[in-house]
Amino acid sequence: MDTKNPNPAYGAHLEPFHGIPTFMRRPASRELEGIDAAIVGVPFDSGTSYRSGTRFGPRKIREASLLLWGFNAVLGVAPVDALEIVDYGDVEVIPVDISATMGAITTEVGAILEQGVTVVSLGGDHSITLPLLRAHAARFGPLAVIHFDSHPDTWKSEFREHPYSHGTPFRRALEEELIDTDAYVQVGIRGPVSASHDLEDARQLGAQMLTIDRAFEMGILGVVEAIRDAVGDRPAYVSLDIDSVDPAYAPGTGTPEVGGFTSYQMLQLVRGLQGLNLVGYDLVEVSPPYDHSDITAILAANLTFEFLSLLALTKRKEGQ
Ligand code: MN
Ligand code: MN
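Quick caveat: nothing in here was measured; it's all calculated off a predicted structure.

What's the story with the coordination of the manganese ion (ligand 2) in this structure? I'm lost.
Put simply, a metal with four donors set out as a tetrahedron has ideal angles of 109.5 degrees, and one with six donors set out as an octahedron has ideal angles of 90 or 180 degrees. For the manganese ion (ligand 2), every protein donor is listed as Asp149 (OD), His151 (ND1), Asp241 (OD), Asp243 (OD) and Asp243 (OD), and the spread of their distances is 2.0 to 2.5 Å. Mapped onto the sequence, the donors of the manganese ion (ligand 2) take the spacing D-x1-H-x89-D-x1-D. If you look at the manganese ion (ligand 2) and the manganese ion (ligand 1), they sit 3.2 Å from each other and are both ligated by Asp149. Placement of the pair is His151 in the loop between β4 (143-148) and α5 (169-175) and Asp241 in strand β7 (residues 236-241), with a sequence separation of 90 residues. Residue class for His151 comes out buried when judged on its relative accessible area of 12%.

As structure tokens, this is what we get:
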């Protein structure tokens, strides 16, 4: 697979409004030999507790990614030149069956990871992170997790006895010991919660919680330092719920919470992960039907570009 000279339909020399919108014009391919990273869409939103629509996230983020010029001037790297990247397409989700969908995510993503390819997932609601963590932990062992969100997503359940929804993935992942509790950092937590013990529960389960108030006290660089201290050189998985960003900047999401990060602060937070042992990433909760002027999808595409830039810097360092 020559990712630098893709099929003309996805080609590198098209204007942003031309052609078929694969992520950053990477070839749509499931040939993974020699590939560094695969963009994988997970268009599933049946784990949503309030307003849905994230099933349209992957497609809209791909479209928004066509606006990205290739060179990251802050980090000094062009990820699509430095890395072999394909757009793998989407996991086959079943909107009426969350368990079957989770099984499909773990199986498909697990098969990609087995080939030594880093999976960059685009959701979908946050319920998809549990099967993604299952696949990654099966390969890398218990993971350091950097979890950007306005919600801790560690509720016992949201709908009576049902264990799975977008409010419970991290509780389940902790119960299944997929997460290394010495290195689980939640960043941006805020907003009214359903009970006084909600945040304490997350801490009891092992989350190192940086609420938005704490984050703004520490400053972005302080937050970055705290994340880096906690994670060290452990294999680290990044789960980025777009509602960690303020709805003024990211309105297209299912459960918005006011008083969050700006787009620029979020870019800085992702860049701050440079050099960590990054083994996985998902960006979830982009809901295009609630978006305005695609600003949420554009931000999501840019944050994913930043993450790919980090992978590119690591590859360049290893090549030296
Ligand atoms: Mn979430
Ligand atoms: Mn959230």
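Would you explain the sheet that holds strand β5 (residues 179-189) in this entry?
What links the strands of a sheet is backbone hydrogen bonding, and the strands pair in either a parallel or an antiparallel sense. Spatially, eight strands are ordered β2-β1-β3-β8-β7-β4-β5-β6 in an open sheet, and the strand pairing comes out parallel. Taken across any chain shown, the strands that pair with only one partner, and hence form the sheet edges, are β2 (85-90) and β6 (208-211). Each neighbouring strand pair of the sheet contributes to a mean axis angle of 15 degrees, computed without reference to strand direction.

I tried to follow the packing of aromatic side chains on my own but got confused; where do I start?
In this description, a pair of aromatic rings is defined by centroid distance and the angle of the planes. For the structure shown, the criterion picks out three aromatic pairs. Seen in terms of ring centroids, Phe170 and Tyr184 are 5.8 Å apart; in terms of plane orientation they differ by 15 degrees. Their pairing is stacked. In this pair, Phe170 sits in helix α5 while Tyr184 sits in strand β5, placing the two residues 14 residues apart along the sequence. We note that Phe170, like Tyr184, is buried. Considering the side-chain rings of Phe216 and Phe261, the 5.7 Å spacing of their centres and the 75 degrees angle between planes classify their relative orientation as edge-to-face.

Just to check I follow, could you spell out the layout of surface pockets for this structure?
It is a probe the size of a water molecule, rolled over the atoms, that shows where empty space is left. Volume-wise, the largest pocket comes out at about 490 Å³. Around the largest pocket, the lining is made up of 21 residues, and of these Thr118, Leu278, Leu311, Thr314 and Glu318 lie nearest the centre. Breaking the lining of the largest pocket down by element, the ones donating at least two residues are α4 (129-140), β8 (278-284) and α9 (295-319). With six residues, α9 is the single largest residue contributor to the lining of the largest pocket.

Which parts of the structure should I look at to understand the environment of Val187?
Within the secondary structure, Val187 is located in strand β5. A residue is classified by how much of its surface remains accessible, and Val187, at 0% relative accessible area, is buried. In this structure, the C-alpha to C-alpha distance between Val187 and Ser99, residues 88 residues apart in sequence, is 28 Å. In this view, Val187 contacts His147, Phe148, Asp149, Leu210, Val223, Ile227, Ser244 and Phe261; residues no more than four positions away in its chain are not counted.

Help me understand the coordination of the manganese ion (ligand 1), please; the structure alone is not making it clear to me.
The coordination sphere of the manganese ion (ligand 1), as far as protein atoms go, consists of His126 (ND1), Asp149 (OD), Asp153 (OD) and Asp241 (OD), spread over 2.1 to 2.2 Å. For the manganese ion (ligand 1), the donor residues sit on a single chain with the sequence spacing H-x22-D-x3-D-x87-D. The exposure class assigned to Asp149 is buried, which follows from its relative accessible area of 0%.

What's the story with the side chain of Asp282 in this structure? I'm lost.
Here Asp282 is to be found in strand β8. For the buried Asp282, no salt bridge exists, and the shortest N-O distance to an oppositely charged side chain is 13 Å, to Arg134. Here Tyr237 takes part through its side chain, which lies 2.6 Å from a polar atom of the side chain of Asp282. Sequence-distant contacts of Asp282, that is, excluding residues within four places in its chain, are made with Ser121, His126, Thr129, Leu132, Tyr237, Val238, Ser239 and Leu240.

How do you make sense of the nonpolar core when you look at a structure like this?
Formed by 59 residues in total, the largest nonpolar core has its most connected members in Phe148 and Leu303. The contacts of Phe148, once residues within four sequence positions are left out, are Val187, Ile227, Val238, Ser239, Leu240, Asp241, Ser244, Met266, Leu269 and Leu273. In this structure, Ile98, Ile105, Val145 and Leu178 belong to the second largest nonpolar core, which totals 40 residues.

I tried to follow the pattern of salt bridges on my own but got confused; where do I start?
Two side chains that carry opposite charge are able to pair once their charged atoms sit near each other. Per the stated rule, a full pass over the model turns up 13 salt bridges. For Arg55, the salt bridge identified is with Asp45, shortest N-O distance 2.9 Å. A residue pair is termed long-range when its members are at least 10 positions apart, and Arg55 in the loop between β1 (37-42) and α1 (57-65) and Asp45 in the loop between β1 and α1 qualify at ten residues. For Asp87, the salt bridge goes to Arg62, with nearest N and O atoms at 2.7 Å.

Can you walk me through the pairing of strand β3 (residues 118-123) in this structure?
Of all six residues in β3, six are buried; the element is thus mostly enclosed. Residues Thr118, Val120 and Leu122 of β3 are buried on one face, and the alternating residues Val119, Ser121 and Gly123, pointing to the opposite face, are buried as well. The pairing of β1 with β3 spans six bridges and is classified as parallel. In the sheet register, Gly41 faces β3, and the bridge partner there is Leu122. Direction of pairing for β3 relative to β8: parallel, over a ladder of three bridges.

Would you mind going over the packing of helix α8 (residues 263-271) against α9 with me for this structure?
Two elements in contact, α8 and α9, have axes separated by 9 Å at closest approach and are oriented at 20 degrees. On the basis of the axis angle, α8 is roughly parallel to α9. Pair α8 / α9 crosses with right-handed handedness. Along the contact surface, α8 presents Ser263, Met266, Leu267, Val270 and Arg271, while α9 presents Leu299, Asn302, Leu303, Glu306, Phe307 and Leu310. Its residues assigned to classes, the contact of α8 with α9 shows seven nonpolar, two polar and two charged.

Parameters and conventions
- Residues numbered from 1 in each chain as written.
- Chains lettered and ligands numbered in written order.
- Predicted model: local features only at pLDDT ≥ 70, side-chain atom pairs only at ≥ 80, totals over all residues.
- Heavy atoms only, no water.
- Donors = N, O, S within 2.8 Å, 3.2 Å for Na, K, Ca; no water.
- Helix = DSSP H or I, 4+ residues; strand = E, 2+ residues; numbered from the N terminus.
- Buried < 20%, exposed > 50% of the residue type's maximum accessible area, 1.4 Å probe, protein only.
- Pairing = 2+ DSSP bridges.
- Axes fitted to C-alpha atoms, helices over the stretch in contact; angles between N-to-C directions.
- Phe/Tyr/Trp six-rings, centres within 6.5 Å; stacked < 30°, edge-to-face > 60°.
- 1 Å grid on protein atoms, 1.4 Å probe; cavity = no way out; pocket = protein on both sides within 12 Å on 5 of 7 lines; lining within 4 Å.
- Points joined across faces, edges and corners; volume = space filled by probe spheres on them.
- Contact = heavy atoms within 4.5 Å.
- Lys, Arg positive; Asp, Glu negative; His and termini not counted.
- Salt bridge = Lys/Arg side-chain N within 4 Å of Asp/Glu carboxyl O.
- Polar contact = N/O pair within 3.5 Å; in protein donor to acceptor, adjacent residues only side chain to side chain.
- Core = buried A, V, L, I, M, F, W, Y, C linked by side-chain atoms within 4.5 Å.
- Parallel < 35°, antiparallel > 145°, perpendicular 65-115°, else oblique.
- Left-handed = near helix turned anticlockwise from the far one by under 90°.
- Nonpolar A, V, L, I, M, F, W, Y, C, P; charged D, E, K, R; others polar.

Read these as geometric descriptors, not functional statements.
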